[in-house]
Protein chains: 2
Amino acid sequence: MARLPVYLRALNSLADAGTTTCSSEHLAGAAGVNSAKLRKDLSHLGSYGTRGVGYDVEYLRYQIAREIGQTHDWPVVIVGIGNLGHALANYSGFSSRGFRTVALLDADPARTGQVVAGTEIRPFGDLAGIVSEHGVAIGVIAAPASAAQDVADAMVAAGIRSILNFAPAVLAVPEEVDVRKVDLSIELQILAYHEQRKSGLDGAEAI
Amino acid sequence: MARLPVYLRALNSLADAGTTTCSSEHLAGAAGVNSAKLRKDLSHLGSYGTRGVGYDVEYLRYQIAREIGQTHDWPVVIVGIGNLGHALANYSGFSSRGFRTVALLDADPARTGQVVAGTEIRPFGDLAGIVSEHGVAIGVIAAPASAAQDVADAMVAAGIRSILNFAPAVLAVPEEVDVRKVDLSIELQILAYHEQRKSGLDGAEAI
DNA sequence: GCGTGTGAAAACCTTCACAGCT
DNA sequence: AGCTGTGAAGGTTTTCACACGC
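These numbers come from a predicted model, not from an experiment.

Description of the relation of the copies chain B and chain A
Each of the two chain copies can be generated from the other by rotation about an axis followed by a shift along it.
Here is step 1: Overlay of chain B on chain A (RMSD 0.1 Å): rotation 180 degrees, translation along the axis 0.0 Å. This pairing of chains is accounted for by a two-fold axis. Looking at the rotation axis and the C-alpha trace of chain B, the residue lying nearest is Ala 87 of chain B, at 3.1 Å.
Here is step 2: Here 98% of the interface residues in chain B have copies in chain A that are interface residues too; the copies meet face to matching face.

Here is the structure:
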């Protein structure tokens, strides 16, 4: 369920604030969802709450972390160390959530050897070796759209089965490979769409 | 509808490849969705296709661009020029899709004055002035989670009605303000969740 | 009394399948 | 013949509302 990480994050802030017990209402507020939905979601994992009382923050936190695999350390490679790859390599949210960036790769020879976030950029050709050496299961594509399919193919060939794709391209991959796409400009476009609706539509009506 | 920008991007690649007419099947393939869904979505905008023939790429492209407001130029401000803000400021996908970054703001005095992507970083306090001067309707928050709510409050006070939030925080804003959240690490966590499912779950079952 | 867990209802989204136009 | 536009079917998610346990 795609909302579990959000709940986990909300639980973490509650725990940091010293809260030890919370109601579904309270947690739902912190996570930005409605409380019935939260209870349905949690009931799907098991009965971790106490009727009349609520949820134990620490206990629930552990249960969700286990459910979504945050007890592991997931080795990750990032391919394409341009602006975005740079930002991702430095992004603390990855390391603090059980993701370890084991390698940064780039096809551009001018970039290999540079050190970013304490890791040296290596040539793209090293991918297969790194994947098998570290048991990498997740790859991040931050390369330009034109290169994205090649990168994905190489990742699949190297044995990666989960890909997070930041390139604005639709990837063709085998059935068993999971791809999630994040497109920064699409989010902005969606906002612009709503914005246009709000401020008197300019000729966009259908008759 | 959140898929229109995807269709538009697919149409652009088709146009670049010299295609002048396409079937729903063809376009759906390029956009990574199924053709019935694509036809439903497009039929919601109007009848822009021709039965027995398909869609005219250029015409449909214009219709979608108009629908989602890509005929405008949307002035945007980015607040928080750390690694991510840096990457966003340099991201070509914004400018090429009708978004013009009119200002980069950061609360840290050490950063103000630096030039990123050809734009000088200005102090956060300049926000209100910039918003009214350029008629900014969309704000991007790339600040740390702890500052996100303050930034959002200032944006709302300055008159911004649409916010793209990259900080891992739930924002409280007035009803009429639109917030979209992008959380880079949540996407990775979702992949890790599926990955764990695939490779024999480790003690995560109920009972 | 309070708040979880959960059937049942409602809303929503996707897919099917075909009538109707070119 | 071929492909769009769309009602109807099917599936999934969200919400409601309340029985049950603390």
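Describing the interface of chain B and chain A
Here is step 1: Taken together, the 60 residues of chain B in the interface contact 60 residues of chain A.
Here is step 2: Roughly 5,800 Å² is buried in total at the junction of chain B and chain A, and carbon and sulfur atoms are behind 61% of that figure.
Here is step 3: In terms of surface lost to chain A, no three residues of chain B exceed Leu 188, Gln 189 and Leu 191 of chain B, which account for 12% of the buried area on that side.
Here is step 4: Counting the contacts that link chain B with chain A gives eight salt bridges.
Here is step 5: With a closest N to O distance of 2.7 Å, Glu 195 of chain A and Arg 161 of chain B form a salt bridge.
Here is step 6: For the pair chain B and chain A, the interface holds 20 residue pairs in polar contact (both at pLDDT 80 or more).
Here is step 7: The element contributing the most residues to the side of chain B that touches chain A is helix H9 (residues 184-198) of chain B, with 15 residues.
Here is step 8: Among the residues making up the side of chain B that touches chain A, the classes are represented as 32 nonpolar, 14 polar and 14 charged.

Description of the packing of helix H1 (residues 4-16) of chain A against helix H2 (residues 24-31) of chain A
All names here are of chain A.
Here is step 1: Two elements in contact, H1 and H2, have axes whose closest approach is 9 Å; the angle formed by their N-to-C orientations is 105 degrees. It follows from the interaxial angle that H1 and H2 lie roughly perpendicular. On H2, the residues touching Val 6, Tyr 7, Ala 10, Leu 11 and Leu 14 of H1 are His 26, Leu 27, Ala 30 and Ala 31.
Here is step 2: Looking at the contact of H1 with H2 residue by residue, the class counts come to eight nonpolar, one polar and no charged.

Points about unusual backbone geometry
Residues and elements named next belong to chain A.
Here is step 1: Positive phi, close to 50 degrees, is recorded for Ala 117, a residue that is not glycine.
Here is step 2: With respect to the secondary-structure elements, Ala 117 resides in the loop between strand S6 (115-116) and strand S7 (119-123).
Here is step 3: Exposure remark for Ala 117: the relative accessible area of 41% places this residue in the partly exposed category.

With respect to the pattern of salt bridges
Here is step 1: According to the stated counting rule, one finds 20 salt bridges over all chains in the structure shown.
Here is step 2: Between Asp 126 of chain A and Arg 122 of chain A there is a salt bridge; the shortest N-O distance is 3.3 Å.
Here is step 3: Judged by its relative accessible area of 27%, Asp 126 of chain A falls in the partly exposed class.
Here is step 4: The structure contains a network of salt bridges with shared partners spanning Arg 161 of chain A together with Glu 195 and Lys 198 of chain B.

Regarding the sheet that holds strand S1 (residues 21-22) of chain A
All names here are of chain A.
Here is step 1: Spatially, S1-S3-S2 is the arrangement adopted by the three strands of the open sheet, whose pairing is antiparallel. Looking at which strands have only one partner, the edges of the open sheet turn out to be S1 and strand S2 (49-50).
Here is step 2: Where S1 meets strand S3 (residues 54-56), two bridges bridge the pair, whose relative direction is antiparallel. Counted as the bridge partner of Thr 21 is Asp 56 from S3.

A look at the protein's contact with DNA strand C
Here is step 1: Contacts to DNA strand C come from 22 residues, most closely from Ser 24, Arg 39, Gly 49 and Tyr 55 of chain A together with Arg 51 of chain B.
Here is step 2: Near the protein, meaning within 4 Å, the atoms of DNA strand C are sugar or phosphate in a fraction of 61%, with bases accounting for the rest.
Here is step 3: Gly 49 of chain A is positioned such that a nitrogen or oxygen atom in its backbone is 3.0 Å from a phosphate oxygen of DNA strand C.
Here is step 4: A distance of 3.0 Å separates a sugar or linking oxygen of DNA strand C from a polar atom in the backbone of Arg 51 of chain B.
Here is step 5: Of all the elements in the fold, those that place two or more residues in the surface near DNA strand C are helix H3 (35-43), S2 and S3 of chain A together with helix H3 (35-43) of chain B.
Here is step 6: A total of four residues in the surface near DNA strand C trace back to one element, the largest contributor, which is H3 of chain B.
Here is step 7: Split into classes, the residues belonging to the surface near DNA strand C amount to four nonpolar, ten polar and eight charged.

Here's the deal with the protein's contact with DNA strand D
Here is step 1: Around DNA strand D, 21 residues are found, and the nearest of them are Arg 3 and Arg 51 of chain A together with Ser 24, Arg 39 and Tyr 55 of chain B.
Here is step 2: Restricting attention to atoms of DNA strand D within 4 Å of the protein, one finds that 58% of them are sugar or phosphate atoms.
Here is step 3: Between DNA strand D and Lys 40 of chain A there is a distance of 3.2 Å, counted from a base oxygen to a side-chain nitrogen or oxygen.
Here is step 4: At 2.9 Å, a side-chain N or O of Arg 39 of chain B approaches a base nitrogen of DNA strand D.
Here is step 5: Taken together, the elements giving at least two residues each to the surface near DNA strand D come down to H3 of chain A together with H3, strand S2 (49-50) and strand S3 (54-56) of chain B.
Here is step 6: Considering only residue class, the surface near DNA strand D consists of three nonpolar, ten polar and eight charged.

Definitions and limits used
- Residues numbered from 1 in each chain as written.
- Chains lettered and ligands numbered in written order.
- Predicted model: local features only at pLDDT ≥ 70, side-chain atom pairs only at ≥ 80, totals over all residues.
- Heavy atoms only, no water.
- Least-squares fit on C-alpha atoms with pLDDT ≥ 70 in both.
- Contact = heavy atoms within 4.5 Å.
- Buried area = accessible area lost by both parts, 1.4 Å probe.
- Salt bridge = Lys/Arg side-chain N within 4 Å of Asp/Glu carboxyl O.
- Polar contact = N/O pair within 3.5 Å; in protein donor to acceptor, adjacent residues only side chain to side chain.
- Helix = DSSP H or I, 4+ residues; strand = E, 2+ residues; numbered from the N terminus.
- Nonpolar A, V, L, I, M, F, W, Y, C, P; charged D, E, K, R; others polar.
- Axes fitted to C-alpha atoms, helices over the stretch in contact; angles between N-to-C directions.
- Parallel < 35°, antiparallel > 145°, perpendicular 65-115°, else oblique.
- Buried < 20%, exposed > 50% of the residue type's maximum accessible area, 1.4 Å probe, protein only.
- Pairing = 2+ DSSP bridges.
- Near = heavy atom within 4 Å.

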